Each structure stands twice: as structure tokens, then as C-alpha cells.
Amino acid sequence: HLSREEIARYQWQQIRKLVDFAYAKIPFYRRKYDEAGIRPEHIRTIADFKRLPCVTKQEIIAMITHLAFYSGWPTAASARSFIGRRRRRLSLRSCR
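Reading guide: rules and limits
- Residues numbered from 1 in each chain as written.
- Predicted model: local features only at pLDDT ≥ 70, side-chain atom pairs only at ≥ 80, totals over all residues.
- Heavy atoms only, no water.
- Helix = DSSP H or I, 4+ residues; strand = E, 2+ residues; numbered from the N terminus.
- Buried < 20%, exposed > 50% of the residue type's maximum accessible area, 1.4 Å probe, protein only.
- Contact = heavy atoms within 4.5 Å.
- Areas by Shrake-Rupley, 256 points an atom, 1.4 Å probe, with all protein chains shown as cover.
- pLDDT = per-residue confidence, 0-100.
- Core = buried A, V, L, I, M, F, W, Y, C linked by side-chain atoms within 4.5 Å.
- Arc of directions from axis to C-beta.
- Axes fitted to C-alpha atoms, helices over the stretch in contact; angles between N-to-C directions.
- Parallel < 35°, antiparallel > 145°, perpendicular 65-115°, else oblique.
- Nonpolar A, V, L, I, M, F, W, Y, C, P; charged D, E, K, R; others polar.
- Salt bridge = Lys/Arg side-chain N within 4 Å of Asp/Glu carboxyl O.

Any chance you could explain the overall build of the protein here in plain terms?
Each helix and strand in the protein was counted, giving five helices and zero strands. A buried classification covers 23% of the 96 residues belonging to the protein. A separation threshold of at least 6 residues defines the contact pool for the protein, and within that pool the share at least 24 residues apart is 46%. For the protein, the accessible surface area stands at approximately 7,600 Å², while carbon and sulfur atoms represent 55% of it.

Next up, the structure:
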């Protein structure tokens, strides 16, 4: 079994990978981070992580709708429906 410290270290490594991937591969997140003046290398602590810009449900719907258009998803309404059906699984931090 892993110690709490080992688990925390592993979780932090995974968070860093996710932030790096989002910045490098997903234009939406690169733009959000750039607008906030944050680059992945700035994220060194949990306090830094909390400074990442918040993403609203409306922004996610807009992003999926945009992707749906380019990927051949039948309609934008399908994208909104996709998010709506999963709202219980989509856990968003409050943007307030």
C-alpha cells in the first residue's frame, strides 16, 4: 500500500500532466491560461493550481458545440443534450 505522502505525490504528478496536456494540446485551455497570465510552469503548488481560471458550464457547452460542428456531430443541440445528461457527473468548481 502507498503512504498518504506517496498518494499525494502521485496525485500532484497527475495534475501537472493534465495542466501541461491541456495547455499544449487544447486551444481553449491555452487561451484561458494565457488570458490569466498563467503558464504550466507557474503551477508548482496547490495554491498555484487554485489560481487557474475557472471554466463555466456555459463555456464547456460552447466548446463542445464548436467541436461538434467540426467533427460532424449531428447537431449542436446534441452537444448541449450530451452535457445536460451528464450534469450529475460533471463536477464544476464554483466560479464565484
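Before we go on, may I ask you to explain the confidence of the model for the protein in this structure?
In low-pLDDT segments, the atomic positions of the prediction should not be examined closely. With 70% of its residues at a pLDDT of 70 or more, the protein has an overall mean of 81. No element of the protein has a lower mean pLDDT than helix α5 (residues 76-85), at 57, and none a higher one than helix α1 (residues 4-25), at 94.

How should I be thinking about the nonpolar core in this particular structure?
Proteins that are soluble and globular tend to have nonpolar side chains buried together. Ranked by size, the top nonpolar core spans seven residues in total: Val19, Ala22, Tyr23, Tyr33, Ile38, Ile43 and Leu52. Considering each element in turn, this core owes the most residues, three residues, to α1. Core analysis: the second largest hydrophobic core is formed by five residues, Phe28, Val55, Met63 and Ile64 among them.

Whenever I open this one, helix α2 (residues 27-35) confuses me. Can you help?
A turn of α-helix holds 3.6 residues, and therefore any two residues three or four places apart point the same way. Buried within α2 we find Phe28, Lys32 and Tyr33. Within α2, the buried residues cover an arc of 125° as seen down the axis, which keeps them to one side. Looking one or two residues beyond α2, the residue adopting positive phi is Gly37, at roughly 75°.

Even after reading the chapter, I still don't get the packing of α1 against α2, so can you show me in this structure?
Angle between the axes and distance between the axes: these two values describe a pair of packed helices. The N-to-C vectors of α1 and α2 enclose an angle of 100°; their axes lie 5 Å apart at closest approach. Taken together, the axes of α1 and α2 are roughly perpendicular relative to one another. Packed against α1, whose contacting residues are Val19, Ala22, Tyr23, Ala24 and Lys25, the element α2 presents Pro27, Tyr29, Arg30, Tyr33 and Asp34 at the interface. Counted by class, the contact of α1 with α2 contains seven nonpolar, no polar and three charged residues.

Looking at this structure, how should I read the pattern of salt bridges?
Should their charged atoms come close, side chains of opposite charge can pair. A full pass over the atoms with the stated rule returns five salt bridges. With a closest N to O distance of 3.5 Å, Asp20 and Arg16 form a salt bridge. You can see Asp20 and its partner Arg16 sitting in helix α1, four residues apart, about one turn around the helix. A salt bridge links Arg39 to Glu41; the shortest N-O distance between them is 2.8 Å. Assessed through its relative accessible area of 36%, Arg39 is described here as partly exposed. For Glu41, a relative accessible area of 38% corresponds to the partly exposed category.

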